[in-house]
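Fold and contact review
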Amino acid sequence: MDTSNSTPSTRDVDEKRIRDLVARTEKAQIDPDVLPALHTSDLVLINFGGRRLFGREVFASAMTEALASPLKDIRTVLEVNDIRFATPDVAIVSLTKTVHDERSEAEDSSESEPPLTGVLTYVLTRAGDDWRIALAQTTPIL
C-alpha cells in the first residue's frame, strides 16, 4: 500500500508536538522568561530534591532565584521514553533526566562526580494546537 500521500494521524502530530515541547524545555532550562511559559498557570512541579512548587509564577520566581546561584551551572538532558494519552487532551510522558553538574567546584575536584539520573514524569494538557506541562515530577534513581 502506498502511504506516501497519506497524512499523519492526529496522534502522530501530537507525539511530534510533545517531543518538540520536551526539546524546548531542555533548551530553555536557563531562560526564566521562556521555560515557565511552557507550563500551565496551575502547574505542580516536584524537583529533583523533592521541593514542591504550586503555580507557574512560583516556579518562575524559584527559577530566577536558582539562576542567581551556583545552580545556574546545572544542566539537564531529557530523553523521552514513553508517551501515553489518558484522553485526547491529556498526555503522560515518561522521561529519563540526566543532570550534569558544571559548577566550577565540580570541575576542580580530583574525582569527578558521575551525572545524576532520575525519572521524570510530565502530565501535559492540550493548549490549542500545542501542549503545556501541568505536572512535572522528578524522582532520583539511586
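Further up the page is the structure itself.
My aim in this report is to walk through the structure given alongside it, one point at a time. Because the structure is a prediction, the values reported are computed rather than measured. (Residues numbered from 1 in each chain as written. Predicted model: local features only at pLDDT ≥ 70, side-chain atom pairs only at ≥ 80, totals over all residues. Heavy atoms only, no water.)

1. Things to note about helix 2 (residues 56-67)
With twelve residues, helix 2 extends 16 Å from end C-alpha to end C-alpha; this agrees with the ideal 16 Å at 1.5 Å per step. Three or more residues of helix 2 are buried, namely Phe-59, Ala-60, Ala-62 and Met-63. Angular distribution of buried residues about the axis of helix 2 spans 165°; they occupy a single face of the element. Exposed residues pointing more than 90 degrees away from the buried face of helix 2 are listed as Glu-57 and Glu-65. Each element contacted by the buried residues of helix 2 is listed here: strand 1 (39-46) and strand 2 (52-54). (Helix = DSSP H or I, 4+ residues; strand = E, 2+ residues; numbered from the N terminus. Expected span 1.5 Å × (residues − 1). Buried < 20%, exposed > 50% of the residue type's maximum accessible area, 1.4 Å probe, protein only. Arc of directions from axis to C-beta. Contact = heavy atoms within 4.5 Å.)

2. Topic: the pattern of salt bridges
By the definition in use, this model includes seven salt bridges. A salt bridge links Asp-14 to Arg-126; the shortest N-O distance between them is 2.8 Å. Remark: Arg-126 occurs in strand 5 (residues 116-127) and Asp-14 occurs in helix 1 (residues 10-27); sequence separation between them is 112 residues. Residue Asp-14 is classed as buried on the basis of its relative accessible area of 4%. Linking Asp-130 and Arg-24 is a salt bridge whose minimum nitrogen-to-oxygen distance equals 2.9 Å. A residue pair is termed long-range when its members are at least 10 positions apart, and Asp-130 in strand 6 (residues 130-140) and Arg-24 in helix 1 qualify at 106 residues. Take Asp-130: its relative accessible area is 19%, and that puts it in the buried class. Given a relative accessible area of 32%, Arg-24 falls into the partly exposed group. (Salt bridge = Lys/Arg side-chain N within 4 Å of Asp/Glu carboxyl O.)

3. Thoughts on the environment of Val-34
Along the chain, Val-34 falls in the loop between helix 1 and strand 1. The partly exposed category is assigned to Val-34, whose relative accessible area is 37%. Sequence separation between Val-34 and Arg-24 is ten residues; the distance between their C-alpha atoms is 8.9 Å.

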